[in-house]
Amino acid sequence: MNVQARQTPTAAASSKLAIADGDIHPTRKLASEFDPWLDKRWRDDVATFGARQRQPWQNAPAYPKAQPNASRRDAYPPEGGRQGSSLPFMQQQHLDPANVALGILNPLGTGQGLQNIDMSIALCHATNEWQQEYWTKPDRRLRASVVVPYEDPIASAKEIRRYADNADFVQVFMLSRTSEPLGSRKYWPIYEAAAEVGMPVGVHAFGYGGNPMTPGGYPSYYTEEMVGHSQAQQSGLASLVVEGVFARFPSLKMIMIEAGFAWAPSLTWRLDNAWRRLKQETPHLTRLPSEYIRDQVWWTTQPMEEPEPRTHLRDAINWIGWDRLIFATDYPHWDYDDPATSLPLKISEAEREAFFIGNARNVYRGV
Amino acid sequence: MTKSLAPGAIDCDIHPAVPDLAALLPYMDDPWREQVVVRGIDDLASIAYPANSPLTCRADWRPADKSVPASSLAQIRRDVLDPFGTSIAIANCLYGVQSLFSEDMAAAYATAVNRWMAKEWLDKEPRLRASIIVAAQGPELAVDEIERWAHDKRFVQVLLLVSGATPLGKRSLWPIYRAAEKHGLAIGIHAGSAYHNPPTSVGWPTYYTEDYVSQAQAFQSQLTSLICEGVFNKFPDLKVVLLESGFTWLPAHLWRLTKFWRGLRMEIPWVDRAPADIVRSNVRLSLQPVDGPPDRDSLLKVFDHMQSDELILFSTDYPHWQFDGTAAIPDGLPADLVRKMTHDNPRATYARLLETVA
């Protein structure tokens, strides 16, 4: 790759403390970048019929974004291509100045959750090989996610085990809008394989599971879709707990990505209260829901909630635990959280270290 | 532990129950009454509250004779009106009429429930007020139902389920809000789904526990919808009350909603105030279930995060099992906050409570 194009970090940047970034979105400059790892059948079918999702459009998201590709307008690479498609420019604009020592790649729009599951399996595998070839090999700060065709959990487990011994891959990657709640036994082979290879399962906002985006139907606005990622993840996390995924796989770690975190305390209290009343139906749970969550769940921070006054944010993090949050920027997307400004709280050095890099080192495999 | 409330307290959410469909027959017109018999329609109790679930009725509130909990006035007087000393309790009848797929049938059944409520409950117990049941899938018929009862000041609210066929902010439902605002009726949104959509945004869960927990996410989505669609801009005097919604989720939800409103308001420019401001002027939430943290200090922090002592309305959620004894109000809340919840806030929310009823 174009490593020689990498620019020298600025003097100011080099003085910053190293951080981890739990949510970076690389994209292809050209669709054909996947071709080396796709059979002719899938190259032809994608070209002929498209990668059809469970939403209306061939080449657009269900809700129009507020700006092109939902990305920063200053993130177009100077050599052309869409935002997030150039490693040299990502290095120059983000990795170097923010002093990212560990960046987790979470590719979107690759082929997860397609109507055609065989196509999904093929595209996810191509995505994984592409991450290694285009991103982790040329920049050792970056680590890849095993992108899985999660609506076929058996195929997903196979894909996870394929990278069991590949140190470039540090988490399993799902999207949160699944066709069934995340805890459904349908998905258990994914969790079993992830626990076996020691990777956390990251569940990122977005996806099209085919269910209306709220329990009251499809909303009208992109704003509602964005806010709604939090509700989808809350339902997903409640399902993981109640359906016994954490009880069944005690070494499994889950990371809830890009759907906020301040909702977690209230959800946890509600789960505990409801479970105390209703535990007859879930004898597989031997501990309070809050205990499973406290031990086995992490959250990435972007988009960080911004209460006024900011001390309320500290209350929320205190309830969740300073050891549970993984800093993330969401580069190159529009709602990027800048590490220099996004946690406007007075915090201790230990809290800062945990928040910006320590927790990431504890949760991702082998970093 | 027994906690007596100051005289005049108002309980904003209790659930008198339809014992069975036969009880509604006297209040149905033909052909609907005839169809109940001919088609063998026995019961419309919703899966939102399974009959024998511990949450559906607290053990010591279950009638010894195995009759349907909260289905007689004697039970309600004995269990909730007398022990709490409430001056007024608002009856929100939860019967599955909103889940009928036929708009006409749903509207006819809603009418029957309202007639039954007026005759069997309101006529007999002066401490009771009630919500008008409507089937929102047929907005024109729902407006007819509101107009049918609007003259009766004992009805103080129009009741919707939190999850129906379409998001509650959608324009197709605005005639309901217009009628409610015109008549000084609040819109009550109660936990429970019509089950015309999966009960979570990620599909049908396995366990009832998940269904119940997910009601809080449904309320979050609907609050988002009402605000983003501009319902409160169009109907600035409308009061919306979230019932059995939990409330500890509210601060974090508003933080997130406000953040995206700031970033994306070009999409919804009519939303000209911060979501938290809109909630403070137009939205209230019932107390039970508290969904609170285990410790008092954290609960006080949650109230602090709400940044208003006017949002919460006292409720027992009778006969649902949300607390034991008469400990409906969590320990350690400041006396002035309790006074607001039990007295001032309900009166400020339900304009009709200030009116004398015949």
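Before reading on, note that the structure itself is shown above.
The shown structure was predicted, so the numbers you read here are calculated from the model rather than taken from an experiment. Think of each chain on its own: its residues are numbered from 1, step by step along the sequence as written. Labels follow written order: the first chain is A, the first ligand is 1, and so on. Whole-chain, interface and lining totals are the exception, using all residues; otherwise, since this is a predicted model, local features are given only for residues with pLDDT of at least 70 and side-chain atom pairs are given and counted only at 80 or more.

(A) Focus on the packing of helix H8 (residues 250-264) of chain B against helix H9 (residues 275-282) of chain B. All names here are of chain B. At a closest axis distance of 8 Å, the pairing of H8 and H9 adopts a crossing angle of 125 degrees. The orientation of H8 with respect to H9, classified from their angle, is oblique. Counted together, Leu254, Leu257, Thr258 and Trp261 of H8 and Pro275, Ala276 and Val279 of H9 form the full contact between these two elements. Here the residues of the contact of H8 with H9 are counted per class, giving six nonpolar, one polar and no charged. Note on geometry: axes are lines fitted to C-alpha atoms, helical ones only across the stretch in contact, with angles between N-to-C directions running from 0 to 180 degrees. Helix and strand definitions here come from DSSP, where helices need a minimum of 4 consecutive H or I residues and strands a minimum of 2 consecutive E residues; each element is numbered from the N-terminal end. Angles are sorted into four bins: roughly parallel if under 35 degrees, roughly antiparallel if over 145, roughly perpendicular if 65 to 115, and oblique for all others. We call two residues in contact when the distance between their C-beta atoms, placed using the backbone, is within 7 Å. As a working rule, the residues Ala, Val, Leu, Ile, Met, Phe, Trp, Tyr, Cys and Pro are called nonpolar, Asp, Glu, Lys and Arg charged, and the rest polar, with Gly in that last group.

(B) Geometry of the pairing of strand S1 (residues 19-24) of chain A. Residues and elements named next belong to chain A. Buried, partly exposed and exposed are defined by the number of other C-beta atoms within 10 Å of a residue's own C-beta, namely 20 or more, between the two limits, and 12 or fewer respectively, with C-beta atoms placed from the backbone. Buried residues dominate S1, accounting for six of its six residues. With four bridges joining them, S1 and strand S2 (residues 100-105) adopt parallel strand pairing. Within S2, the residue paired with Ile19 across the bridge is Val100. Two strands pair if DSSP finds at least two bridges between them.

(C) Inspection of the sheet that holds strand S7 (residues 297-300) of chain A at higher detail. Residue and element names in this part refer to chain A. Pairing in this open sheet of eight strands is parallel, and the strands run S1-S2-S3-S4-S5-S6-S7-S8 from one edge to the other. With one partner strand each, in any of the chains shown, S1 and strand S8 (325-326) form the two edges of the open sheet. Contacts between helix H7 (residues 222-242) and the sheet are confined to strand S5 (201-204), strand S6 (254-257) and S7, with S6 contributing the most and set at about 170 degrees to the helix.

(D) Molecular detail of the environment of Gly22 of chain A. Residues and elements named next belong to chain A. Structurally, Gly22 can be placed in strand S1. In this structure Gly22 comes out as buried when scored by C-beta crowding, with 29 C-beta atoms within 10 Å. C-alpha separation for the pair Gly22 and Asn106, spaced 84 residues apart in sequence, amounts to 8.4 Å. Every residue in contact with Gly22, bar those within four places of it in the chain, is listed here: Ile104, Ile257, Thr300, Ile326, Phe327, Ala328 and Ala360.

(E) The nonpolar core, seen in detail. Formed by 222 residues in total, the largest nonpolar core has its most connected members in Val148, Val172, Ile190 and Ala194 of chain A together with Val113, Val134 and Val158 of chain B. Per-element tally for this core: the top contributor is helix H6 (residues 208-228) of chain B, with ten residues. Any nonpolar core is a set of buried residues, restricted to Ala, Val, Leu, Ile, Met, Phe, Trp, Tyr and Cys, that join up through C-beta atoms within 7 Å.

(F) Fine view of unusual backbone geometry. Here the bond from Tyr331 of chain A into Pro332 of chain A is cis, since omega is 5 degrees, no more than 30 degrees from zero. Its location among the elements puts Pro332 of chain A in the loop between S8 and helix H12 (349-363). The residue after Asp30 of chain B, namely Pro31 of chain B, is reached through a cis peptide bond having omega 10 degrees. Even without a glycine there, the phi angle at Ala70 of chain A is positive, about 50 degrees. Looking at where Ala70 of chain A falls in the secondary structure, it is placed in the loop between helix H2 (40-49) and helix H3 (87-95). Of note in this structure, Tyr195 of chain B is not a glycine but carries a positive phi near 60 degrees.

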